[in-house]
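The lines below spell out each chain.
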Amino acid sequence: MTAVGILGGTFNPPHLAHMVCASEARAQLSLDRVLLVPTGVPPHKPMEEEPGRMHRLEMCRLAADGHRDWLEVSAIEVDRDGPSYTVDTLTQIHANSPGDELTFIVGGDMAWSLPSWREPEEILQLASVAVAERTGARREEVRARLAGMQGAHRISYIDVPRLDISSSALRRRVREGRPIDYLVSDTVADYIEQRRLYQ
């Protein structure tokens, strides 16, 4: 049985905090590999400054370079028409590899909203959920909010260093002509510059 972590997001662009989250999840949960799954069409709100799903997919691939022994990129949502619902993605991944043990990795803010997702208890049937949230009051708030869900015993917590990097801030820096060195991988920075994304 292969232990697979699934880290979804718009990755617009993917940055070092995403990679640190993937690495910490792998280490703390003893995962064999982690899948980066860029969103095709976000289900709840339009994506700001969308450069195109294929650009985001390629940036994820570039960000994963050098870690391909454990970090992979899936086009499962990019290739799908219509909104990207987590339950559909997990169902498809499970169908493709029914022997894998799946863990869906999510930040604390997203975990807080889990009860309002499409078929949240089905998500907990298909995968464990690992919440990337540091210890303290916020984790306890998330734990209390999710406690009543069927399958809540499949929710665990990982401690991820808090890096104050956001994709929206990176897009703004590019637009303003400011550097993004050391905030994204060199390959992603080069890709953004060469294709004049976010300008």
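Scope of this entry: the structure provided in the associated data block.

Thresholds applied
Residues numbered from 1 in each chain as written. Predicted model: local features only at pLDDT ≥ 70, side-chain atom pairs only at ≥ 80, totals over all residues. Heavy atoms only, no water. Pairing = 2+ DSSP bridges. Helix = DSSP H or I, 4+ residues; strand = E, 2+ residues; numbered from the N terminus. Axes fitted to C-alpha atoms, helices over the stretch in contact; angles between N-to-C directions. Contact = heavy atoms within 4.5 Å. Salt bridge = Lys/Arg side-chain N within 4 Å of Asp/Glu carboxyl O. Buried < 20%, exposed > 50% of the residue type's maximum accessible area, 1.4 Å probe, protein only.

### Regarding the sheet that holds strand 5 (residues 128-132)
Backbone-to-backbone hydrogen bonds pair the strands of a sheet. The strands run either parallel or antiparallel.
And then number 1: Taken in spatial order, the 6 strands line up as 3-2-1-4-5-6 in an open sheet, and their pairing is parallel. Since the sheet does not close on itself, it has two edges, and those belong to strand 3 (71-73) and strand 6 (155-158), each with one partner. Adjacent strand axes in the sheet meet at a mean angle of 30 degrees, parallel and antiparallel pairs treated alike.
And then number 2: As paired elements, strand 5 and strand 6 share 4 bridges and run parallel to each other. Pairing of Ala132 across the sheet is with Ile158, part of strand 6.
And then number 3: Against the sheet, helix 1 (residues 16-29) contacts strand 1 (3-9), strand 2 (33-38), strand 3, strand 4 (101-107), strand 5 and strand 6, and its axis sits at roughly 115 degrees relative to strand 6.
And then number 4: Together, strand 1, strand 2 and strand 4 form the strand contacts of helix 3 (residues 86-96), whose direction differs from that of strand 4 by roughly 155 degrees.

### Concerning the pattern of salt bridges
And then number 1: Within the structure shown, the criterion is met by 9 salt bridges.
And then number 2: The partner of Asp65 in a salt bridge is Arg68, with the nearest N and O atoms 3.0 Å apart.
And then number 3: The partly exposed category is assigned to Arg68, whose relative accessible area is 44%.
And then number 4: Beyond isolated ion pairs, a larger network of salt bridges with shared partners links Glu48, Glu49, Arg171 and Arg175.

### Considering the pairing of strand 1
And then number 1: Extensive coverage of strand 1 is indicated by the burial of 5 of its 7 residues.
And then number 2: Across 5 bridges, the pairing between strand 1 and strand 4 is parallel. Residue Leu7 lies in a different strand from strand 4, and its bridge partner there is Ile105.
And then number 3: Of the pairings in the sheet, the one linking strand 1 to strand 2 comprises 6 bridges and is parallel in character.

### Here we look at the side chain of Thr103
And then number 1: Tracing the sequence through the fold places Thr103 in strand 4.
And then number 2: For Thr103, a relative accessible area of 9% corresponds to the buried category.
And then number 3: With residues near it in sequence (within four places) discarded, Thr103 still touches Val4, Gly5, Ile6, Leu29, Leu31, Ala127, Ser128 and Ala130.

### Comments concerning unusual backbone geometry
And then number 1: Backbone torsion omega between Asn12 and Pro13 reads 5 degrees, so that peptide bond is classified as cis.
And then number 2: By the element assignment, Pro13 lies in the loop between strand 1 and helix 1.
And then number 3: The backbone of Glu119 sits at a positive phi, close to 50 degrees, despite the residue not being glycine.
And then number 4: Along the chain, Glu119 turns up in the loop between helix 4 (108-112) and helix 5 (120-126).
And then number 5: If you check the backbone angles, Tyr198 has positive phi at about 65 degrees while not being a glycine.
And then number 6: The residue Tyr198 is located in the segment after helix 8 (186-194) in this model.

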